[in-house]
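# Reading the structure
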Amino acid sequence: MRKIICALVIACLSLALSACNNNERRVKIKDGAAVLADAGLKVTLPKGWVVFDTEESMNRNATMIWEFSGNYADYSKFEADVRPWDSRFLLYAERQGGGIALMLRVGEPPESMEVHEFACDLNNVVTELYKQGRYDVYGSLEPIPNSESTGIQGYISEVNIRESESDAERTRVLSDYIFIYKGDMYCMEICAEESAYDDGKNIQILPAEL
């Protein structure tokens with residue numbers, strides 16, 4: 001049984017911990033946010049989300065992300081080019097009912113590579129990867145807002161992927177928050193269906209004390 005850390009209680013907008021060993025939790029729930037005490041960071045989530053602390057939990061979003069792409073992209077190139085970075089899993093979260101999920105990882109900054117360069121490379125590779133298939137793709141790169149007040153300085157790589165078919169049109173948005181905090185580099189990836197995109201805008205990564 002997967003270790004569910006918490007469930008967001010929809011009716012009262014509060015987080016409730018599931019029954020599991022406190023000593024095993026690498027994430028704690030406080031004031032409506034998933035707090036990573038060791039990192040000094042927290043992730044605020046909208047109501048109706050569930051947070052997991054085990055790397056195996058990432059399998060839950062495999063269908064949502066990869067089924068959308070079908071066989072139109074070279075994933076060996078994706079793994080080789082997009083993630084030349086030794087990182088470790090921190091948390092995975094998803095909205096109850098599906099449509100959107102996120103994953104947070106951390107590692108040492110790549111040698112001889114600034115955060116902006118890493119974010120640019122990620123944006124370019126993901127954009128080109130999906131262009132190889134039958135997708136209309138648009139990529140953008142913007143600074144993470146409010147860096148002056150939060151201390152979270154980095155970039156948001158966003159890639160819109162639209163698949164047009166004779167009877168349907170599907171869109172996904174991949175948003176990667178790449179930033180340095182206390183000497184480590186973090187990547188928070190949010191994968192959303194177009195209908196759930198606005199829900200992702202309510203997610204924030206902040207210092208734990210804010």
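Residues numbered from 1 in each chain as written. Predicted model: local features only at pLDDT ≥ 70, side-chain atom pairs only at ≥ 80, totals over all residues. Heavy atoms only, no water.

### With respect to a negative patch on the surface
A cluster of acidic residues, Asp-86, Glu-108, Glu-111 and Asp-184, forms a negative patch at the surface. Relative accessible area serves as the criterion here: at 30%, Asp-184 is assigned to the partly exposed category. (Patch = residues over 30% accessible without salt bridge, like charges linked within 9 Å, V, L, I, M, F, W, Y side chains within 5 Å. Areas by Shrake-Rupley, 256 points an atom, 1.4 Å probe, with all protein chains shown as cover. Salt bridge = Lys/Arg side-chain N within 4 Å of Asp/Glu carboxyl O. Lys, Arg positive; Asp, Glu negative; His and termini not counted. Charge placed at Lys NZ, Arg CZ, Asp CG, Glu CD. Buried < 20%, exposed > 50% of the residue type's maximum accessible area, 1.4 Å probe, protein only.)

### Topic: the environment of Phe-52
Of note, Phe-52 is situated in strand 6 (residues 49–52). As for Phe-52 and Ala-34, which are separated by 18 residues in sequence, their C-alpha atoms are 9.8 Å apart. (Helix = DSSP H or I, 4+ residues; strand = E, 2+ residues; numbered from the N terminus.)

### Topic: empty space enclosed by the protein
If you walk through the whole model with that rule in mind, you get 3 cavities of 30 Å³ or more. As a volume, the largest cavity reaches approximately 70 Å³. Residue lining of the largest cavity: Glu-158, Val-173, Ser-175, Tyr-177, Ile-190, Ala-192, Tyr-197, Gly-200 and Lys-201, and that is the complete set. Elements supplying a minimum of two residues to the lining of the largest cavity: strand 11 (169–181), strand 12 (184–193) and helix 5 (197–200). Broken down by element, the residue count for the lining of the largest cavity peaks at 3 residues, all from strand 11. Here the residues of the lining of the largest cavity sort into 5 nonpolar, 2 polar and 2 charged. (1 Å grid on protein atoms, 1.4 Å probe; cavity = no way out; pocket = protein on both sides within 12 Å on 5 of 7 lines; lining within 4 Å. Points joined across faces, edges and corners; volume = space filled by probe spheres on them. Nonpolar A, V, L, I, M, F, W, Y, C, P; charged D, E, K, R; others polar.)

### Quick word on helix 3 (residues 115–131)
The terminal C-alpha atoms of helix 3 lie 24 Å apart, and with 17 residues this matches the ideal 24 Å at 1.5 Å per residue to within 8%. Those residues of helix 3 that fall on the buried side of the exposure criterion are Val-115, Phe-118, Ala-119, Leu-122, Asn-123, Val-125, Val-126, Thr-127, Leu-129 and Tyr-130. (Expected span 1.5 Å × (residues − 1).)

### Points about unusual backbone geometry
Even without a glycine there, the phi angle at Asn-146 is positive, about 65°. Counting through the fold element by element, Asn-146 comes out in the loop between strand 9 (135–143) and helix 4 (147–150). At Lys-182, a position not held by glycine, the phi torsion is positive, near 55°. Structurally, Lys-182 can be placed in the loop between strand 11 and strand 12. Accessibility expressed as a relative area gives 65% for Lys-182, which makes it exposed.

### Side note on the nonpolar core
Val-43, Leu-91, Leu-102, Leu-104, Tyr-186 and Met-188 are the most contacted members of the largest nonpolar core, which has 30 residues in total. Listed by contribution, the elements that provide at least two residues to this core are strand 4 (33–36), strand 5 (41–44), strand 6, strand 7 (87–95), strand 8 (100–107), strand 11 and strand 12. If near-sequence neighbours (up to four positions away) are discounted, Val-43 is found in contact with Ala-33, Ala-34, Leu-91, Leu-102, Leu-104, Met-188, Ile-203, Gln-204 and Ile-205. Ala-119, Leu-129, Tyr-130 and Ile-161 belong to the second largest nonpolar core, which has 17 residues in total. (Core = buried A, V, L, I, M, F, W, Y, C linked by side-chain atoms within 4.5 Å. Contact = heavy atoms within 4.5 Å.)

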